[in-house]
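What follows is each chain in one-letter form.
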Amino acid sequence: MAPVVVEWTRGPLVESQARGDAAVVDATGRILFKVGDGLKVTYWRSAAKPVQALPVIASGAVDRFGLAPEHVAVMAASHNAEPVHVETVLEALKRAGLSPDLLQCGAHPPMDREAAAALQAADQEPGRVHSNCSGKHTGMLVLAKHLGLPLEDYLEPQSAVQQLILQCVARVAAIPAHSIAIGVDGCGVPVFGMPLRHMALAYARLADPDHLDAEDREAGLRMRAAMWAHPYLVAGRGRICTDLMSLPGRRFLGKSGAEGVYSVGLPPETVALSPVLRAAGAVGGVGITVKAEDGRADVSQLMAVAILDQLGLLTAEDRAALARYGPGPITNYAGRVVGERRAAFALTPAEVTV
């Protein structure tokens, strides 16, 4: 059973608890610290999106169709479907000569309440482009068109597009492709099941592309740069990915996944700021992946923020900017503080080699 990682108190009592696991891994694949089971196997969900988009860059498709860094960023997004997100997706499709009707991600209302209310007020039904995964699907369609592959089956596990993506995921996460469990994500494309260690390793390498294989290195550099340059396109208003990557200094690369998964990459420059990571002998970049056992996003977000704090990487200003996601007071409707939400774990040193 996973350990208790978050507690909610009210007065003198712990009223609620949540459990979870985490792995902190350097670019060589060594687990430096863990919470619970750093080898827990689960699905990566949308935290895999930046890796899934690497073949779009590496294949030459991005350059062929004149796509800009903002289009790359939205391919890695679980976006709010605010106007800027929708416009960026539509522009990427237009540049590649593709129709939004080709998207097979399904439709749902915008994740952002204001955007959803505006759509409703305009008496418009949500379209496929409003799916939080429309950027990812756009990237897959762009890749298929560039390679002259069928556009109608790009999301099928055995399609050439998905096989290219699977091989890329396997390389970046340093895990044999045949050992990755394949399920179906909420938007219909394959989703990858693997140990937390390998998810964290992938983010260590995304944050430090010098540790990627030669065929992925340039794409990794461009993905990292795009996400840092356009953090709003990766998520949007009131979202931890945007707020984390908007902190000064380009210190963190973060991406959420459904069912309580969160991954963070720390470039070598950020690792050097942590006395904890330096003492642990971290090599290159460092990746962190957390999984909330009950699938709650607020649990995984608090875990991620608490881990960064335990590593000595958050300033007072950072904590204030991330206050809505991390530990803090619980107030009632009258604004009175009645308890707190808090991290209930400490990182445990661990040494496991891939």
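Placed above this text is the structure.
One structure accompanies this document, and this report is about it.

Cut-offs and rules
- Residues numbered from 1 in each chain as written.
- Predicted model: local features only at pLDDT ≥ 70, side-chain atom pairs only at ≥ 80, totals over all residues.
- Heavy atoms only, no water.
- Axes fitted to C-alpha atoms, helices over the stretch in contact; angles between N-to-C directions.
- Helix = DSSP H or I, 4+ residues; strand = E, 2+ residues; numbered from the N terminus.
- Parallel < 35°, antiparallel > 145°, perpendicular 65-115°, else oblique.
- Contact = heavy atoms within 4.5 Å.
- Nonpolar A, V, L, I, M, F, W, Y, C, P; charged D, E, K, R; others polar.
- Phe/Tyr/Trp six-rings, centres within 6.5 Å; stacked < 30°, edge-to-face > 60°.
- Buried < 20%, exposed > 50% of the residue type's maximum accessible area, 1.4 Å probe, protein only.
- 1 Å grid on protein atoms, 1.4 Å probe; cavity = no way out; pocket = protein on both sides within 12 Å on 5 of 7 lines; lining within 4 Å.
- Points joined across faces, edges and corners; volume = space filled by probe spheres on them.
- Pairing = 2+ DSSP bridges.
- Left-handed = near helix turned anticlockwise from the far one by under 90°.
- Salt bridge = Lys/Arg side-chain N within 4 Å of Asp/Glu carboxyl O.

Looking at the packing of helix α5 (residues 83–95) against helix α7 (residues 134–146)
Turning to step 1, where the next piece is worked out: Contact geometry for α5 and α7: axes closest at 10 Å, N-to-C directions at 10 degrees. It follows that α5 is roughly parallel to α7 by the angle criterion. Seen from α5, the contacting residues are Val89, Ala92 and Leu93; seen from α7, they are Ser134, Gly135, Thr138 and Leu141.
Turning to step 2, where the next piece is worked out: Residue composition of the contact of α5 with α7, by class: 4 nonpolar, 3 polar and no charged.

Description of the packing of aromatic side chains
Turning to step 1, where the next piece is worked out: The tally for this structure, following the rule as stated, stands at 1 aromatic pair.
Turning to step 2, where the next piece is worked out: Seen from their ring centres, Trp44 and Tyr203 are 6.2 Å apart, and the 75 degrees between their planes marks the pair as edge-to-face. Of this pair, Trp44 sits in the loop between β4 (41–43) and α1 (49–52) while Tyr203 is found in helix α9 (residues 196–207), placing the two residues 159 residues apart along the sequence. Across the pair, exposure class does not vary: Trp44 and Tyr203 are buried alike.

Re the layout of surface pockets
Turning to step 1, where the next piece is worked out: Volume-wise, the largest pocket comes out at about 460 Å³.
Turning to step 2, where the next piece is worked out: Elements supplying a minimum of two residues to the lining of the largest pocket: α12 (240–245), β7 (253–257), β8 (261–266) and α15 (297–310).
Turning to step 3, where the next piece is worked out: Per-element accounting of the lining of the largest pocket gives the leading share, 3 residues, to α15.
Turning to step 4, where the next piece is worked out: Asn80, Met111, Asp112, Arg113, Arg237, Gly238, Arg239 and Arg324 are the residues that line the second largest pocket.
Turning to step 5, where the next piece is worked out: Split by residue class, the lining of the second largest pocket holds 1 nonpolar, 2 polar and 5 charged.

Let's talk about the pairing of strand β9 (residues 286–292)
Turning to step 1, where the next piece is worked out: When you tally the buried positions in β9, you get 7 out of 7 residues, the bulk of the element.
Turning to step 2, where the next piece is worked out: Where β8 lies against β9, 6 bridges are found, and the strand directions are antiparallel. Across the sheet, the residue bridging to Ser263 is Thr289, located in β9.

A closer look at the packing of α7 against helix α8 (residues 160–173)
Turning to step 1, where the next piece is worked out: At a minimum axis separation of 10 Å, α7 and α8 run at an interaxial angle of 110 degrees. Taken as axis vectors, α7 and α8 run roughly perpendicular relative to one another. Where α7 crosses over α8, the two elements pack in a sense that is right-handed. Across from Met140, Leu143 and Ala144 in α7, the residues of α8 making contact are Val161, Gln162 and Ile165.

Here we look at the pairing of strand β5 (residues 181–184)
Turning to step 1, where the next piece is worked out: Pairing of β5 with strand β6 (residues 190–195), which is carried by 4 bridges, proceeds in the antiparallel orientation. When the bridges of β6 are listed, Val184 appears paired with Pro190.
Turning to step 2, where the next piece is worked out: Between β5 and β6, which pair antiparallel one after the other, the connecting turn spans 5 residues, and Gly188 there sits at a positive phi close to 105 degrees.

Observations concerning the environment of Leu212
Turning to step 1, where the next piece is worked out: In this fold, Leu212 is placed in the loop between α9 and α10 (214–229).
Turning to step 2, where the next piece is worked out: Assessed through its relative accessible area of 3%, Leu212 is described here as buried.
Turning to step 3, where the next piece is worked out: Each C-alpha atom of the pair Leu212 and Ala346 lies 30 Å from the other, and the pair is 134 residues apart in sequence.
Turning to step 4, where the next piece is worked out: Not counting residues within four places of it along the chain, the set of residues in contact with Leu212 comprises Val172, Arg205, Arg217 and Gly220.

A short note on the pattern of salt bridges
Turning to step 1, where the next piece is worked out: Scanning all chains against the criterion turns up 15 salt bridges.
Turning to step 2, where the next piece is worked out: Among the ionic pairs, Arg342 bridges to Glu7, the shortest N-O distance being 2.9 Å. In this pair, Arg342 sits in strand β11 (residues 337–343) while Glu7 sits in strand β1 (residues 4–10), placing the two residues 335 residues apart along the sequence.
Turning to step 3, where the next piece is worked out: When the shortest N-O distance is used, the salt bridge between Arg251 and Asp318 registers 2.8 Å. With a gap of 67 residues between them, Arg251 in the loop between α12 and β7 and Asp318 in helix α16 (residues 316–321) connect regions that are remote in the sequence. Exposure class is identical for Arg251 and Asp318. Each is buried.

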